[in-house]
Amino acid sequence: MTLYYGVTIFSFVSLVISVIIGILIFSKLPKDQKWFFGYLGFILIVEITAKVLILLGEKNWVVYPIYLLGEFLLLAFMCSEALKWSAKLNSVWIGISVLLLFECLVLWGVNSNVVGGLGKIVSHFIIIGLTGIYLIQKLKEEDRLQENRFMVTYASLFFYYTISLFLFLILEQLPGIGDEQAAMVWSLNNLFSALLYGISGHTFFKIWKST
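The rules behind the values
Residues numbered from 1 in each chain as written. Predicted model: local features only at pLDDT ≥ 70, side-chain atom pairs only at ≥ 80, totals over all residues. Heavy atoms only, no water. Salt bridge = Lys/Arg side-chain N within 4 Å of Asp/Glu carboxyl O. Helix = DSSP H or I, 4+ residues; strand = E, 2+ residues; numbered from the N terminus. Buried < 20%, exposed > 50% of the residue type's maximum accessible area, 1.4 Å probe, protein only. Polar contact = N/O pair within 3.5 Å; in protein donor to acceptor, adjacent residues only side chain to side chain. Phe/Tyr/Trp six-rings, centres within 6.5 Å; stacked < 30°, edge-to-face > 60°. Lys NZ or Arg CZ within 6 Å of the ring centre and 35° of its normal.

A. Geometry of the pattern of salt bridges. Applying the stated rule across the entire model yields 1 salt bridge. Between E47 and K51 there is a salt bridge, with its nearest N and O atoms 3.0 Å apart. Linking E47 with K51, this pair stays in helix 2 (residues 31-55), spanning 4 residues, or about one helical turn. On the basis of relative accessibility, which here comes to 30%, the residue E47 falls in the partly exposed class.

B. Representation of the side chain of S18 in the model. Here S18 lies in helix 1 (residues 2-25). Side-chain polar atoms of S18 contact the backbone oxygen of S14, separated by 3.0 Å.

C. Expanded view of the packing of aromatic side chains. Under the definition given, this model contains 9 aromatic pairs. Joined through ring pairs, the aromatic side chains of F36, Y39 and F204 make up one cluster. Just above the ring of F26 sits the side chain of K34; from NZ or CZ to the centre is 5.2 Å.

What follows is the structure in structure tokens.
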């Protein structure tokens with residue numbers, strides 16, 4: 001469990017640093033990266049809220065549907081903006097988020113548990129698909145590849161959500177897994193999230209230094 005807590009703290013600190021640097025350069029970010037900064041800020045608020053609820057001895061399950069919908073919408077809007085898709089498509093993402101919320105409410109009504117179901121799998125698959133489309137499109141633009149500071153951010157998102165989905169499916173297939181084994185799996189997830197936040201902070205820092 002020591003490894004789990006250590007990696008969790010490291011991930012949280014990386015997120016805080018990335019958000020602080022993002023605040024300093026927010027006005028210099030293109031619109032899609034402003035959505036990404038919003039995503040980082042949202043994740044930070046969710047993390048703090050969940051930890052405060054735990055310290056108060058309260059159940060933090062209520063944070064899950066908010067987290068699920070928030071990360072999905074922010075990243076879907078970000079990718080749509082980066083890919084220059086019609087703003088009308090945002091209504092599709094909102095519609096999907098409503099379905100995700102509906103599933104959470106049904107799960108809570110049936111077994112008082114909002115974490116199960118297909119919501120996380122569906123949202124992760126869509127995020128993986130959107131970031132993958134962006135990467136393929138930008139890789140075709142060889143003449144502009146060197147100018148794209150945020151290519152690594154999208155690659156990190158693609159990598160993180162692919163790994164996160166894989167680890168989630170592993171846990172779903174191992175219902176009898178012990179606490180130590182589950183902590184090890186989520187330690188890996190937190191390690192990759194720390195990598196995402198670290199790369200994001202580094203990208204923001206390079207923009208800050210170049211201005």
